[in-house]
Amino acid sequence: VQLQASGGGLVQSGGSLRLSCAASARTSTNYAISWFRQAPGKEREFVAAVSWSGSRTHYNDSVKGRSTISRDNDKNTVYLQMNSLKPEDTAVYYCAASATYVDYPVVNERQVDYWGQGTQVTVSS
């Protein structure tokens, strides 16, 4: 699975962004998708995840209520809509796929099989 993240940018506090993660894979491959982020000087942390079917999602408490993860399997794309952005949301955001854990949101990096490149999100105060 190859993952391409996009949609990052510079936004003012309170603004919104929609990140996209486009996956290229054999059609027979099912996978759960997660978003992680890493701020300067900090460890990478889990943000949000969705199961293959899209029926199960999970969020980090820091983004819960402000973000929505969804997927369109016909387009092999997962979206992360982020609203009410805060300066502390500033980070490089990575999408990741798990072909091992498919039916549940993957929140642990050790359960990730594939990583995409990051997309920078910068929120100004």
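In case you missed it, the structure is sitting above this.
Everything numeric here is computed off the predicted structure, so don't read it as measured data. (Residues numbered from 1 in each chain as written. Predicted model: local features only at pLDDT ≥ 70, side-chain atom pairs only at ≥ 80, totals over all residues. Heavy atoms only, no water.)

Notes on the nonpolar core
Counting 27 residues, the largest nonpolar core has Ile 33, Trp 35, Ile 69, Leu 80 and Tyr 93 as the members making the most contacts within it. Among the elements of the structure, strand 1 (2–6), strand 3 (17–24), strand 4 (32–38), strand 5 (45–50), strand 8 (77–82), strand 9 (91–98) and strand 10 (114–124) are those that each provide at least two residues to this core. Apart from residues lying up to four places away in sequence, Tyr 93 is in contact with Leu 19, Trp 35, Phe 36, Arg 37, Val 47, Met 82, Gln 117, Gly 118, Thr 119 and Val 121. Ranked by size, the runner-up nonpolar core spans 7 residues in total, among them Ala 32, Phe 36, Ala 96 and Val 106. (Core = buried A, V, L, I, M, F, W, Y, C linked by side-chain atoms within 4.5 Å. Buried < 20%, exposed > 50% of the residue type's maximum accessible area, 1.4 Å probe, protein only. Helix = DSSP H or I, 4+ residues; strand = E, 2+ residues; numbered from the N terminus. Contact = heavy atoms within 4.5 Å.)

A few points about the state of the cysteines
Within this structure, the stated rule accounts for 1 disulfide. Bridging Cys 21 to Cys 95, the disulfide has an S-S length of 2.3 Å. Because the sign of the S-S torsion sets the handedness, a value of about 70° for the bond joining Cys 21 and Cys 95 places this disulfide among the right-handed ones. Remark: Cys 95 occurs in strand 9 and Cys 21 occurs in strand 3; sequence separation between them is 74 residues. Under the relative-accessibility criterion, Cys 21 is labelled buried at 1%. (Disulfide = S-S within 2.5 Å.)

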